[in-house]
Amino acid sequence: MSDMETLKANLISLAGKLKYEYRTATILFILAMLLLAALLVLVKPGKRTKYRFVRLSLGNLLIHLMDGFVTFVNTPTLDMEGNILVRRFGFGWEALFTANLISFLLIVLMAWYFNRYEYERIPSRSPFDYYMKLFYGENYKRSWFWYKFSRNFRPKLAMLSCGIYWGLTAGAPVFVLGWLRHMLRIQRPSWWHDTWISCFLGITVAYLSILKWVWTGYRLSINAPDNAYSVPYIYPSIQSGPVPSAGPLTVSVPGSKSITNRALLLATLAEGTSCLRGALFSDDSRHFLQCIRDLGFEAEADEDNCRIVVKGLGGRIPRQEAKQYVGSAGTAARFLTACLGLSHGVYHMDASEQMRRRPMAPLLDALEELGCEILYEAGSARGHFPFTLRAHGFRRDRISVNIDSSSQFLSALLIVSCLCERDFTIQIEGTHGMAYIEMTRRMMEQFHVHTQETTERTFLTKAGQHYRAMDYQIEPDVSAACYFYAMSPLLNLPVLVNHVHFDSLQGDVAFIEILIKMGCSAEDTPQGILVTPPADGVFHGVVEDMSACSDQAITLAAIAPFADSPTTITGIGHIRFQESDRIRAIVTELTKMGISCRRTDDSITIYPGMPRASRVETYDDHRMAMGFSLVGLRSPGIVIDNPGCCRKTFENYFEVLDKVVAQFLHG
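K.L.:
Just checking my understanding: could you explain the packing of aromatic side chains for this structure?
P.N.:
The geometry of an aromatic ring pair comes down to the distance between the two centres and the angle between the two planes. Inspection of the entire model under this criterion finds nine aromatic pairs. Centroid distance tyrosine 229 to phenylalanine 654: 4.4 Å. Interplanar angle 45 degrees. Geometry classified as tilted. In this pair, tyrosine 229 sits in strand E1 (residues 229–230) while phenylalanine 654 sits in helix H26 (residues 653–666), placing the two residues 425 residues apart along the sequence. Under the relative-accessibility criterion, tyrosine 229 is labelled buried at 12%. Plain terms: the ring middles of phenylalanine 394 and phenylalanine 424 are 5.3 Å apart, the flat faces sit at 75 degrees to each other, and that makes the pair edge-to-face. Of this pair, phenylalanine 394 sits in the loop between strand E9 (387–392) and strand E10 (398–402) while phenylalanine 424 sits in strand E11 (residues 424–429), and the two are 30 residues apart along the sequence. Its relative accessible area of 16% is what places phenylalanine 394 among the buried residues. With a relative accessible area of 1%, phenylalanine 424 lands in the buried category. Taken together, the ring pairs in this structure connect Tyr229, Tyr483, Phe484, Phe650, Tyr653 and Phe654 into an aromatic cluster.

Structure below.
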């Protein structure tokens, strides 16, 4: 990389860090407020209303500029409660800043209304007439300013626009100050009176802005994300010479999130004490574990040794009424809802703002058909958290469920199906995530409950089966391993992830087959699967249905720009309803990098190109943070916002990535 490219990458990284330095933001805010005060004092209004209006408008404009700056600084960090527009609709700071500027221009509409042609329509002694006299003096109707700017304008629209503007911004302080001037009997405002009132107005609104900043800072101090992560650009080291390490790049990853969460539920439904070894400890699994404890189960966690001990009660729930908060854990949300909804008791279910937006309706509809009463809180949407379950057990022995938006609905019902006193049949609509269904069925068998696939879309669980307590070893997370396997074609080096094998329960092992289609080779060694890059260092684009391993759609999308032909990913329509709208997020971030993309509701096509430096918005989605970090290994200037969102599944991912980079560079 040239010196200029290095300098550019360093400047981009520095700018990203400064954006999160609140000290810098505070200094800029104070300087802007001082400038505002100086302008309000130095710009003399004179005797004409137009100058007074210009000065007050200037103060309002600067306040809006500062508000836009506040939005710019805080856009990537505010949560849904703090900034709904940014998080829900993806508006950037530029859009909100523009909206502030447009709202300032609405004040001109007030001037257009008060003109020599329309003033007769204002009844004397009306509230509006009284207000204008207080603020602009007795002769406001003959003002040159109103005449100049309002000749051919519709008065009703002007009134509406000005009402909205002043109501939402500085309307209240202006009216109060006008009333104050009236109470002080200042009939003919002098330069001193106008300066005092204008400065007082500016200071008032400035203090309101400061209060807004204090409140914003307080929220961020509670929910502040980790600092941005600048991805190390290591590709030049590959071009400059051979890899210094003696063997393949070797990595260890934590336990599987999917298996850990399934094992937790199976252990609570089993009779006796189970020990889960190699468990993943992350936000999701901790929420699941806490929910189990809140239900009255005995559960001990040893995070240092990755071990969880759970005492199951053979399908009985200790507490007949409890509150459950699942956070953003989709697996816990679906599994616990199904388990509690088909037990006996009253359970109050809630989740994070992110999980509240994710679909639950197919599962909840199925539970209602099976006899569960579901009560939604006032203001909450049907089919979404929060809600209360009034469970009465199984009142039917057959149900149909749609799994197009999530295969977890079927997995949840399958796991609890053995609690039914009669043979239980589940019919499914859709084919999404069948690899995860197979994982669920295989784990049920390991805990000694069997299901039968009687037809292609029908599953049967025979009555009388019971889960047994186990000493259970949890596999490494293949989803996490795939980020490192993707480095093989990306960086042209062999990669081995410890204890990951082709006979894994996890469907994401299919991602390795995709890498083989792109030109890599793979070998299952006793230590783990070894992936070797193409001999010529060039890998190919593919057309791939990833419905069976959709969590890796982001991973494939991240390396696709470096292939020698376009890549099309299909069968992923459901990922629009996961932690983020992942199809939109992928296209948005790649487009910011200058990569051409085309999307549909179910697919993405990515064309080859060299990504330019960019700051990646993660949308509080752990897969976006981890997947797009791959881009920065081969393209300079990539910065990952809010890398802490990885704590959902792989909380030390970036620490492991740093160790991998060090291993690669230094052997």
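Now, onward.
K.L.:
I'm lost on the sheet that holds strand E16 (residues 521–524) in this one. Help?
P.N.:
The strands making up a sheet associate through hydrogen bonds between their backbones, and the pairing can be parallel or antiparallel. The mixed open sheet is built from four strands, whose spatial order is E2-E15-E17-E16. Both outer strands of the open sheet, strand E2 (249–251) and E16, are each paired with one neighbouring strand and no more. Pairwise comparison of adjacent strand axes, ignoring direction, gives a mean angle of 20 degrees for this sheet. Pairing of E16 with strand E17 (residues 529–532), which is carried by four bridges, proceeds in the antiparallel orientation. Within E17, the position partnered with serine 521 by the bridge is threonine 532. On the sheet, helix H20 (residues 478–485) packs against E2, strand E15 (495–497) and E17 and is oriented at approximately 165 degrees with respect to E15.

K.L.:
What's the story with the pairing of E10 in this structure? I'm lost.
P.N.:
The side chains of a regular strand alternate, first on one face of the sheet and then on the other. Burial of E10 is one-sided: the residues Ile399 and Val401 facing one way are buried, the residues Arg398, Ser400 and Asn402 facing the other way are not. Sheet topology places E10 next to E11; five bridges connect them, and they run parallel. Along E11, the bridge assignment pairs valine 401 with isoleucine 428. Assessed by its sense of winding, the connection that carries the chain from E10 through helix H18 (residues 408–416) to E11 is right-handed.

K.L.:
What is the right way to look at the sheet that holds strand E13 (residues 458–461) in this model?
P.N.:
Pairing within the open sheet is mixed, and its four strands lie in the order E10-E11-E13-E12. Looking at which strands have only one partner, the edges of the open sheet turn out to be E10 and strand E12 (451–455). On average, each strand axis in the sheet is inclined to that of its neighbour by 25 degrees, with strand direction left out of account. As paired elements, E11 and E13 share four bridges and run antiparallel to each other. Looking at the pairing, phenylalanine 424 lines up with threonine 461 of E13.

K.L.:
Could you clarify how one ought to interpret empty space enclosed by the protein in this entry?
P.N.:
Rolling a probe over the atoms, with the probe sized like a water molecule, indicates the empty space that remains. Enumeration according to the criterion identifies seven cavities of 30 Å³ or more in this entry. Counted as a void, the largest cavity has a volume near 330 Å³. Together, 24 residues line the largest cavity, and Lys257, Arg358, Gln408, Asp551 and Gln578 are the ones closest to its centre. Of all elements in the fold, only helix H13 (257–269), helix H15 (330–341) and helix H25 (622–634) reach the threshold of two or more residues within the lining of the largest cavity. Its residues assigned to classes, the lining of the largest cavity shows three nonpolar, eleven polar and ten charged.

K.L.:
Would you explain the environment of proline 611 in this entry?
P.N.:
Take proline 611: it is sitting in the loop between strand E21 (604–606) and strand E22 (614–616). Assessed through its relative accessible area of 4%, proline 611 is described here as buried. C-alpha of proline 611 to C-alpha of glycine 594: the two residues are 17 residues apart in sequence and 5.9 Å apart in space. Residues contacting proline 611, with those up to four places away along its chain left out, are Pro561, Phe562, Met593, Ile595, Val631 and Ser635.

K.L.:
Honestly, helix H24 (residues 582–592) in this entry has me stumped. Any pointers?
P.N.:
Helical geometry note: an α-helix holds 3.6 residues per turn, so side chains three or four residues apart project in the same direction. Of all the residues in H24, the buried ones are Arg582, Ile583, Ala585, Ile586, Val587, Glu589 and Leu590. Each element contacted by the buried residues of H24 is listed here: helix H23 (553–559), strand E20 (597–599), E21, E22 and H25. Taken from the residues just after H24, glycine 594 is the one with a positive phi, measuring 90 degrees.

K.L.:
How do you make sense of the packing of H13 against H15 when you look at a structure like this?
P.N.:
The geometry of a pair of packed helices is captured by two quantities: the angle between their axes and the separation between those axes. For the pair H13 and H15, the least separation of the axes is 10 Å and the interaxial angle reads 20 degrees. Taken together, H13 and H15 sit at an angle that is classed as roughly parallel. The way H13 lies across H15 gives a crossing that is right-handed. Along its contact with H13, which presents Lys257, Asn261, Arg262, Leu265 and Leu269, the element H15 presents Thr331, Phe335 and Cys339.

So, how was this worked out
In this convention, every chain numbers its residues from 1, walking through the sequence in written order. Only residues with pLDDT of 70 or above have their local features reported here, since the model is predicted, and side-chain atom pairs are shown and tallied only from 80 upward, although totals for entire chains, interfaces and linings are computed over all residues. To get the side-chain values, take all heavy atoms of the structure and skip hydrogens and water. Note on aromatic contacts: the rings of Phe and Tyr and the six-membered ring of Trp form a pair at centre separations within 6.5 Å, being stacked when their planes are under 30 degrees apart, edge-to-face when over 60 apart, and tilted otherwise. Starting at the N terminus, helices and strands are each numbered in turn, a helix being any DSSP run of H or I of at least four residues and a strand any DSSP run of E of at least two. Type-normalised accessible area, obtained with a 1.4 Å probe on protein chains alone, sets the label of each residue: buried when under 20%, exposed when over 50%, and partly exposed for intermediate values. In this description, strands pair whenever DSSP reports at least two bridges between them. Axis angles are defined between N-to-C directions and span 0 to 180 degrees, where every axis is a line fitted to C-alpha atoms and, for a helix, only to the segment in contact. Whether two residues are in contact is decided by their heavy atoms: any pair within 4.5 Å suffices. Here the term right-handed applies to a crossover when the path leading from its first strand over the helix to its second strand runs clockwise, the strands being oriented away from the viewer. Cavities and pockets are defined on a 1 Å grid built over the protein atoms alone: a cavity is a set of grid points where a 1.4 Å probe fits but cannot escape, while a pocket is an open set with protein on both sides within 12 Å along at least five of seven lines, and lining residues are those with an atom within 4 Å of any such point. Grid points are joined across faces, edges and corners, and a volume is the space filled by probe spheres set on the points. Polar here means any residue outside two lists: the nonpolar Ala, Val, Leu, Ile, Met, Phe, Trp, Tyr, Cys and Pro, and the charged Asp, Glu, Lys and Arg; Gly therefore counts as polar. For this classification, under 35 degrees means roughly parallel, over 145 means roughly antiparallel, 65 to 115 means roughly perpendicular, and everything else is oblique. Here is the rule for handedness: rotate from the far helix to the near one, and if that takes an anticlockwise turn smaller than a right angle the crossing is left-handed, while a clockwise turn gives right-handed.

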